[in-house]
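Summary of the model geometry
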Amino acid sequence: MDQSVRENALKHSKRRALGWLIAAASLFLLTSVLKQSPLAVEFGFLIGLIKMSSEAALVGGLADWFAVTALFKPIPSRWPIPHTNIVANNKAVIAENLSGFVKEKFFNPQAIETLIAESQPAQGAARWLMVEANAAKVSRYVSDMAAGALNVIDDKPIQAFLIAGFKRAIYRINLGPLAGGTLSVLTRNNRHQEILNQIISRIAKVCEHPETQAMIALKLHDWMRTEHRRLEKFLPSTWLSEKGANIAVKAIASMIIDINEDQQHPVRIAFDEYLHDYIKRVSQEPELAQKLDELRVQLLENPSLHKYLTKIWVELNGRIKQDLSEDDGHFRTHLTRALANLGKAINSDAKLAASINRHIAEAGRYMAPELADFLTDHIQRTIESWDERDMAYQVELNIGRDLQKVRINGTLVGGIIGALLFLIEVGIEQFY
C-alpha cells in the first residue's frame, strides 16, 4: 500500500476515535447539566445511567488514548512523563529482539529445510524450464554474464593482475611431491599397464598398415644406398628392403603379441619398475625437483610462449564474444536446449527430483546459520541507523489504525462497565 494511502487511512481512523471520545464527553456534560434540572425528578434513573456510562466511557477512551499515543510520542512533548515515546526510546532493544526473532523463527536450519521440502524447488524449476521462453531467458542471462566476465578479463590492469596472481600461485607449488602424487594416482591398480596395452595395440595396428611397411622398406633401401654403396650395386636392394620390412614387421608383431599375452613379460616389468623408480625420484631427489622448477620458469617466462598464447586467446576470445552476442549463437542454442531437456528429465523422474530436493535442503541447512547471521545483523544495524521519530512514525503508520480501534473499544467497554456499575449501585440502594 502506498504511504500516502496509509497516512490518509491513519488520519481517518484517528478522527473516528476522537469522534467517539467527543461523543462520550458531550453526553457526560449534557447529563451533568440535566441532573441539576427539573427533568432529573422524572428521568433521574435514565439520566444517571447515561451520565455514569458516558463518564466511564470518557475515562476509558482517555486512558487508551494516552496508552496508544505514549507508544509513539512523548507526553507532554517538552517534559515527557516516564515510559512514554516507547518505540523511539527502545529502538536498540526492538532492533535486537526483532533480529533475534527473525533468526530463531525464520532462518533456523529446521525451518529452512521444512520450507524447501514443502515447496519442492526441483519440480517447480523443472516445470519452469520446460517452457522454452524461460529456458531461453536463463541462457541469455548466462551468456550476458559470460560476456561480462570476458570484458572484465580483457581489461589490461585486471589481466595483468590475474596473470601475476596465477604466476605467484604456480611458483608456490612444490612440483616434486605434486608430480609424484599425480603419477602415484595414475599408476594405482595397474592403470599404467592398461595405458601400455593401448599403446601396444596402436603400434600393432600401425605396423599392419601397408603404408607403414612401405615406409620401412624405403628406409632400409635408403640405408643400404648410404651405408653400403658398393654392395647395393651388386645386391637386389629393393627386394632385400621389402623382405627386411616384412621381417621387421613380423618381428615387431611377434614381440607385441608376446607382451600383450604375458602379464609378466620383461618389458612390462621394466616399464613398471621404471615408473615406480621415477615416482620415487620425483618425490625425493632435489636435483629432479630443481629441473622441474627450471622447466616451470622457462615455460612461465618464455616470451614466445606468451605471444603464442596471447594470439590464441585474442582469437578465441573474439569468437566466443561473437557467439555469445548472437541470439541464435551456438552457446545460447545449446544451453537453451540443455536447460529444457533438464527440466523434462527432472519432471519425469521422481527419484531425480527427490534427490535434487534433498541436496538443496542439505545446502539450505548448511547455509542457514551463516545466512541468518548476515541477514539478522543487517536488520539490526538498519533499524539502529533509523531516526527515532521516523521509526516511531513508520510503526504507527503500519499498525496505528488498529490501535485507534483499541481507543474506540476502550470507550465502548468503559461505557458498558459504567452502566453496569450504575445498575449495581442502584440495586444496592434498593436492597437497603
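Residue indices follow the written sequence of each chain, beginning from 1 at its first position. Only residues with pLDDT of at least 70 are given local features in this predicted model, and only at 80 or more are side-chain atom pairs given and counted; all residues enter the totals for whole chains, interfaces and linings. The side-chain quantities take in all heavy atoms of the structure and omit both hydrogens and water.

1. Looking at the overall build of the protein
For clarity, the threshold we go by: Secondary structure elements are taken from DSSP: a helix is a run of H or I of four residues or more, a strand is a run of E of two residues or more, and numbering for both begins at the N terminus. A 1.4 Å probe rolled over the protein chains alone gives each residue an accessible area, and that area as a share of the maximum for its type sets the label: buried under 20%, exposed over 50%, partly exposed in between. In what follows, residue pairs with any heavy atoms lying within 4.5 Å of each other are defined as contacts. Accessibility throughout is a Shrake-Rupley quantity obtained with a 1.4 Å probe, and a residue counts as covered only by protein chains that appear here.
Summing up its helical and strand segments, the protein has 19 helices and zero strands in all. Burial statistics for the protein: of 432 residues in total, 25% are counted as buried. When contacts within the protein are restricted to residue pairs at least 6 apart in sequence, long-range pairs at least 24 apart make up 74% of them. Total accessible area on the protein stands at roughly 29700 Å², and carbon and sulfur atoms take up 63% of it.

2. Considering the confidence of the model for the protein
One rule of thumb: low pLDDT means the predicted coordinates there are not for detailed reading. Rule in force here: Confidence scores per residue from the predictor, reported as pLDDT, run from 0 to 100.
The predicted model of the protein has a mean per-residue pLDDT of 78, with 75% of residues at 70 or higher. Per-element confidence in the protein ranges from a low mean pLDDT of 46 for helix α12 (residues 229–234) to a high of 91 for helix α17 (residues 330–348). Within the model, the stretch residues 228–237 combines pLDDT values under 50 with nine contacts to residues more than four positions away or in other chains.

3. A short note on a nonpolar patch on the surface
We apply this condition: Each patch is built from residues that are more than 30% exposed by relative accessible area and take part in no salt bridge. Like charges join if they lie within 9 Å; nonpolar side chains (Val, Leu, Ile, Met, Phe, Trp, Tyr) join within 5 Å. Salt-bridge detection follows one rule: a side-chain nitrogen of Lys or Arg within 4 Å of a carboxyl oxygen of Asp or Glu.
On the surface, a nonpolar cluster with roughly 900 Å² of combined accessible area is contributed by Leu27, Leu30, Leu39, Phe43, Phe45, Leu46, Ile50, Ile416, Leu420 and Leu423. Among the secondary structure elements, those contributing two or more residues to the nonpolar patch are α1 (3–34), α2 (39–72) and α19 (388–431). With five residues, the top contributor of residues to the nonpolar patch is α2. Looking at where leucine 46 falls in the secondary structure, it is placed in helix α2. Look at leucine 46 and you get partly exposed, because its relative accessible area is 46%.

4. Side note on the packing of aromatic side chains
The cut-off we apply is this: Aromatic pairs are defined between Phe, Tyr and Trp rings, using the six-membered ring for Trp, whenever the two ring centres lie within 6.5 Å; interplanar angles under 30 degrees are classed as stacked, those over 60 as edge-to-face, and all others as tilted. Whether a charge sits over a ring comes down to the Lys NZ or Arg CZ being within 6 Å of the ring centre and within 35 degrees of the ring normal.
The tally for this structure, following the rule as stated, stands at one aromatic pair. Ring centres of phenylalanine 45 and phenylalanine 422 lie 5.6 Å apart, and the angle between their planes is 55°; this geometry places the pair in the tilted category. With phenylalanine 45 in helix α2 and phenylalanine 422 in helix α19, this pair connects stretches of sequence that are 377 residues apart. For phenylalanine 422, a relative accessible area of 11% puts it in the buried group. The lysine or arginine in question, arginine 140, covers the ring of tyrosine 141, its NZ or CZ lying 5.5 Å from the ring centre.

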